[in-house]
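Examination of the molecular architecture
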Amino acid sequence: MADNDNPMTEMEARRWLKQAKAEYAEMEAQYLQEPSRQLKFNLTLKIMAVRFAEAKINNMKRDAKK
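Residues numbered from 1 in each chain as written. Predicted model: local features only at pLDDT ≥ 70, side-chain atom pairs only at ≥ 80, totals over all residues. Heavy atoms only, no water.

**What about the pattern of salt bridges?**
The line we're drawing: Between Lys or Arg on one side and Asp or Glu on the other, a salt bridge is scored when a side-chain nitrogen of the former is within 4 Å of a carboxyl oxygen of the latter. Secondary structure elements are defined from DSSP: runs of H or I of at least 4 residues count as helices, runs of E of at least 2 residues count as strands, and each element is numbered from the N terminus. Any residue under 20% of the maximum accessible area for its type is buried, any over 50% is exposed, and the rest in between are partly exposed; the area is computed with a 1.4 Å probe on protein chains only.
Counted by the stated rule, this structure contains four salt bridges. In this structure, Arg 14 engages Glu 10 in a salt bridge whose closest nitrogen and oxygen atoms are separated by 2.9 Å. Placement of both Arg 14 and Glu 10 in helix α1 (residues 10-33) is noted, with a separation of four residues, approximately one turn of the helix. Relative accessible area serves as the criterion here: at 41%, Arg 14 is assigned to the partly exposed category. Its relative accessible area of 28% is what places Glu 10 among the partly exposed residues. Here Lys 46 and Glu 23 are joined by a salt bridge, their closest N and O atoms 2.4 Å apart. One end of the pair, Lys 46, is in helix α2 (residues 37-65); the other, Glu 23, is in helix α1, and 23 residues separate them in sequence. Glu 23 sits in the partly exposed class, given a relative accessible area of 28%.

None of the figures reported here should be taken as evidence of function without further support.
Spelled out as structure tokens, the structure:
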């Protein structure tokens, strides 16, 4: 069982990252066809989610080495 500081396992984080990247690619394709402010905002939020997931995985790897 994971501790309270890291409730998400690395495998879960990788799945979440994969899903976020797929959603980003889909949204980007839609934005390229029909640019809008709302889609641009949503893309910004999605890329932040991708970066968060990448950072979470990197932190888990770092903590595992300790």
